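Given next are the chains, with one letter for each unit.
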Amino acid sequence: MAGRGEAAAVRAARRVGVSISLLRWAHWGAVVLAAVALWVVPLFARSYFIGLLGRFLVFGLAAMSLDLVWGYTGQLSLGHAAFFGLGAYTSGLILAQTSWPFLGPLALVLGILIPAALGFVMAGTLFYGKVVGAYFAIITLLVSLILEQLAISMLWLTGGINGLYGMKPLAFGPLSVDTLNEAYYFIVIVSVIAYVLARLLVESPLGKAMDAVRVNEKRTASLGYSTAAVRTVVFTLAAALAGLAGVLYVPLEAFVYPSQLGVGFSTWIIVWLAIGGRRSLVGAFLGAFIINYGQSLLSERLGRYWVLATGVFLLIVVLVQPDGLLGIIRDVKDRLMRVVRGSRAGA
Amino acid sequence: MLTTLLNGVSLAAVLALVAIGLAIIFGLMRVINLAHGEMFILGAYSVVALHQWTGSVWWGVVLAPFVVGGIGWVIERTLIRRLYQRPMETLVATWGLSILIREGLKVFFGGGSRNLPIPIRARLHFGGFSYPGYRIFLIFVAIVVMAAVLWLFTATDFALKVRAVIQRRDMAMAMGIDAARIDQAVFALGAALAGLAGAVMTPLITLNPEVGLFFLARSFLVVIVGGVGSLLGTVLGAVIIGLGNAYLSFLTRPVFAEVALFVFAILLIRVRPSGLFARPE
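It should be emphasised that the depicted structure is a prediction, and the values quoted were computed from it without experimental measurement.

A short note on the overall build of chain B
So, point 1. When its secondary structure is counted, chain B shows 11 helices and two strands.
So, point 2. Starting at the N terminus and walking to the C terminus, you meet the elements of chain B as α-α-α-α-β-β-α-α-α-α-α-α-α.
So, point 3. Its C-alpha radius of gyration of 19 Å places chain B within 12% of the 19 Å reference for a compact globule of 281 residues.
So, point 4. Counting across all 281 residues of chain B, residues that qualify as buried make up 49%.

Here it is, written out as structure tokens:
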């Protein structure tokens, strides 16, 4: 509900006389409700569904990470899986070591820091060199492609095409993330924290600067902001978040493989976000949920056409509805409001 | 050593054909066509289809540029022209299009890999050294086509119109140049060149619908190194990437050769954003 959606919501609230602080409370209330709902799911759901839901949340985090970069600062990362996969490989490699102490915290921290470091180096090099827009997007694509090829060919480190498996569970002292339910609860906790932090980020002064950099870079620069600094900070944070999502994927999947770094998975992240709705943190999760749930329903019969459909989705988002599903919901709501208001005016 | 040199030159020849299409489309329309790798693949599968039909590779090599050029023309008319002035949306749309073409080819031809026979079996001998005749043919084709493209974009009436549209689109249109038709022609030509590259490469590679991405990626390296300002720069970029790839693959594993060239390109874009050979703006 940020960006355009937020502005519309604020306008609607003013129109009916609801104070904006009430709206904000309603949003946080909805977050708490969603967290509680996610928490009680394992009480009555089958383990297949719990696994799916955990996966959707991890994918939603990856899409939210891309949203910070693409939705809010306007820089498309075509290779966002590079950071996701790097997080997964880092934590997987650490968890495969049996002799080190503090494996869990180390896997979590390095699984976030190493992708963040790559993101920082990339963003710092490119944004400060005024490499933005299409060239930036292409370089992110190349990074993802090359990391995937490296993961396939560096057998001694990554296990090649077979990937990494047989990792020890992610453990923090007495707390261990081992079973499916434990992995799921861990993912829910981290997802809620990450969402809250991301929400605070986009509503902070830096969040306003992110909007400004996207909308008009020159004017933002002339007001004294370093647009390169804003973009670099946000890209680094997003890389850390994508790495975190990768770390969370390891206990769920018990398997790390090269395509988690690759261009195909990067494209999926783009599709989730574009379908859900850019510039909306909720949209990132919505897109990841709907696309993946659709895939799990349809893939038995239509598996080979599902990837083809993503191409169609991307074209639809560009040509018909740039704000994705949230945009469609908003349009329907606006139309209903107009009908309601029209009938009231007639009465 | 001569073998490595010629391998590099033949890779450079193909990369030049692919990258020049990418570069002229970007230079004229500021559109980066992420489906350009799929134009390469469409050229390759044109050869496959015509090979199944006629039993010869040559028909495909001759007809592929026309087939792919026609497809490019349709893409420009239906998709690209809606997206001018929206560079980021163009990236997303052409990426979607590339998925559509790639997966469509998988449905139509199957996703597996295939190898076509090399149509020229003879080897060229000079001294104690011999080299596959087909690769020599490929280098020859690329040189002829590149010369034709350079002539087209420097010495013809068409060249004048293209330059006018690049420099001042509205003024060119006021002078009676149909800018939309120039766009269509250039986009179709760029697609046709990529299609030709795919067609002539088909007998030399293990073909599957995924290889387009690798040629797209290498073409980007060419464009980053050579810049998009001049056609000669793109050709020189292709020579650097092609020879670099051949020699580095000779010294180490191919994947590390790709990584080294990529790092080189990143450092270069930081120091000289407009490429090695273009005059900085």
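On we go from here.
Section: the overall build of chain A
So, point 1. A tally of regular secondary structure across chain A gives 14 helices and four strands.
So, point 2. For chain A, whose C-alpha radius of gyration is 21 Å, the value lies close to the compact-globule estimate of 20 Å for 347 residues.
So, point 3. Relative to its full complement of 347 residues, chain A shows a buried share of 45%.
So, point 4. Sequence-distant contacts in chain A: of pairs separated by 6 or more residues, those separated by 24 or more amount to 78%.

Details of the interface of chain B and chain A
So, point 1. Facing 28 residues of chain B, the contacting portion of chain A comprises 30 residues.
So, point 2. Where the side of chain B that touches chain A is concerned, the elements lending two or more residues are α4 (87–109), α9 (211–226) and α11 (254–271) of chain B.
So, point 3. When its residues are assigned to classes, the side of chain B that touches chain A shows 20 nonpolar, two polar and six charged.

Examining helix α9 (residues 205–215) of chain A
Residue and element names in this part refer to chain A.
So, point 1. Among all positions of α9, only Ala 209, Met 210, Val 213 and Arg 214 are buried. Along α9, the residues classed as buried sweep out an arc of 135° about the axis, all on the same side. Opposite the buried face of α9, by more than 90 degrees, sit the exposed residues Pro 205, Lys 208 and Val 215.
So, point 2. Packing partners of the buried residues in α9 comprise α3 (47–72), α8 (180–203), α10 (217–222) and α11 (227–253).

Things to note about the confidence of the model for chain B
So, point 1. When pLDDT is averaged along chain B, the result is 90; 99% of the residues meet or exceed 70.
So, point 2. Prediction confidence for the complex, expressed as pTM and ipTM, is 0.91 and 0.92 respectively.

A few points about the confidence of the model for chain A
Note that predicted coordinates carrying low pLDDT should not be read in detail.
So, point 1. Here chain A shows a mean pLDDT of 88. Residues at 70 or above account for 92%.
So, point 2. Confidence scores differ between elements of chain A, with helix α1 (residues 3–16) of chain A showing the lowest mean pLDDT of 60 and α11(A) the highest of 96.

Let's talk about unusual backbone geometry
For residues other than glycine, phi is negative in most cases, and the peptide bonds are mostly trans.
So, point 1. In the Ramachandran plot, A:Lys130 falls in the positive-phi region, its phi being about 60° despite a non-glycine side chain.
So, point 2. If you trace the backbone, A:Lys130 turns up in the loop between α5 (103–128) and α6 (134–153).

Here we look at the packing of helix α4 (residues 81–96) of chain A against α6(A)
Residues and elements named next belong to chain A.
So, point 1. The geometry of α4 relative to α6 is characterised by a closest axis approach of 9 Å and an angle of 30° between their N-to-C directions. Relative to α6, the element α4 is oriented roughly parallel. Between α4 and α6, the contacting residues are Ala 81, Ala 82, Gly 85, Leu 86 and Tyr 89 on the first element and Val 143, Ser 144, Leu 147 and Ala 151 on the second.
So, point 2. A per-class count over the contact of α4 with α6 returns seven nonpolar, two polar and no charged.

Brief notes about the pairing of strand β2 (residues 129–132) of chain B
Residues and elements named next belong to chain B.
So, point 1. Where strand β1 (residues 123–126) and β2 come together, four bridges link them in antiparallel fashion. Its bridge partner being in β2, Arg 123 is matched across the sheet by Pro 132.
So, point 2. Taken together, β1 and the strand that follows it, β2, pair antiparallel across an intervening segment of two residues, in which Gly 127 is found at a positive phi of about 65°.

Some remarks on helix α8 (residues 179–201) of chain B
So, point 1. In this model, α8(B) (23 residues) spans 33 Å end to end at C-alpha, consistent with the 33 Å of a helix rising 1.5 Å per residue.
So, point 2. A large share of α8(B) lies buried, amounting to 18 of its 23 residues.

Here's the deal with the nonpolar core
So, point 1. Counting 195 residues, the largest nonpolar core has A:Trp272, B:Ala16 and B:Leu17 as the members making the most contacts within it.
So, point 2. Per-element accounting of this core gives the leading share, 17 residues, to helix α1 (residues 2–29) of chain B.
So, point 3. Contacts of B:Ala16, omitting those with residues within four sequence positions, involve B:Ala142, B:Met146, B:Thr234, B:Val235 and B:Ala238.

Re the environment of B:Thr154
Residues and elements named next belong to chain B.
So, point 1. When you line up the elements, Thr 154 lands in the loop between α5 (133–152) and α6 (157–167).
So, point 2. Among the residues examined, Thr 154 registers 12 C-beta atoms within 10 Å and is labelled exposed.
So, point 3. On a C-alpha basis, the gap between Thr 154 and Leu 231 in space is 9.8 Å, while along the polypeptide they are 77 residues apart.

Quick look at the packing of α4(A) against α5(A)
All names here are of chain A.
So, point 1. Orientation of α4 relative to α5, taken along the N-to-C sense of each, is 150°, at an axis distance of 8 Å. When the axes of α4 and α5 are compared, the pair comes out roughly antiparallel. Here the hand of the crossing between α4 and α5 comes out right-handed. Residue-level inspection shows Phe 83, Leu 86, Gly 87, Thr 90, Ser 91, Ile 94 and Leu 95 of α4 in contact with α5, the latter providing Leu 103, Leu 106, Ala 107, Leu 108, Leu 110, Gly 111, Ile 112, Ile 114, Pro 115, Leu 118 and Gly 119.

What counts and what doesn't
Within every chain, residues take consecutive numbers counted from 1 along the sequence as written. Lettering of chains starts at A and numbering of ligands starts at 1, both following the order in which they are written. Under the rules for a predicted model, residues below a pLDDT of 70 receive no local features and side-chain atom pairs below 80 are neither given nor counted, while totals for whole chains, interfaces and linings still include all residues. Only DSSP runs of H or I reaching four residues or more are called helices, and only runs of E reaching two or more are called strands; each is numbered from the N terminus. It is over C-alpha atoms that the radius of gyration is taken, and the globule rule equals 2.2 Å times the number of residues to the power 0.38. Partly exposed residues are those falling between the two cut-offs: more than 12 but fewer than 20 other C-beta atoms within 10 Å of their own, whereas 20 or more means buried and 12 or fewer means exposed, with C-beta atoms placed from the backbone. Throughout, a pair of residues is in contact if the C-beta atoms placed from their backbones lie within 7 Å. By the convention adopted, Pro, Cys, Tyr, Trp, Phe, Met, Ile, Leu, Val and Ala count as nonpolar, Lys, Arg, Asp and Glu as charged, and the other residues, Gly among them, as polar. Of all possible arcs, the one meant is that of the directions from the helix axis to the C-beta atoms. What pLDDT conveys is the predictor's confidence in a given residue, as a value from 0 to 100. To obtain each axis, a line is fitted to C-alpha atoms, and for helices this fit is confined to the stretch in contact; angles are then taken between N-to-C directions over 0 to 180 degrees. Any angle that falls under 35 degrees is termed roughly parallel, while one over 145 is termed roughly antiparallel, one within 65 to 115 roughly perpendicular, and all others oblique. Pairing between two strands is assigned when DSSP locates at least 2 bridges connecting them. Expected span of a helix: the number of residues minus one, times 1.5 Å. Think of a nonpolar core as buried Ala, Val, Leu, Ile, Met, Phe, Trp, Tyr and Cys residues chained together by C-beta atoms that fall within 7 Å. Helix crossings are classified by the rotation of the near helix relative to the far one: an anticlockwise turn of less than a right angle makes the crossing left-handed, while a clockwise turn makes it right-handed.

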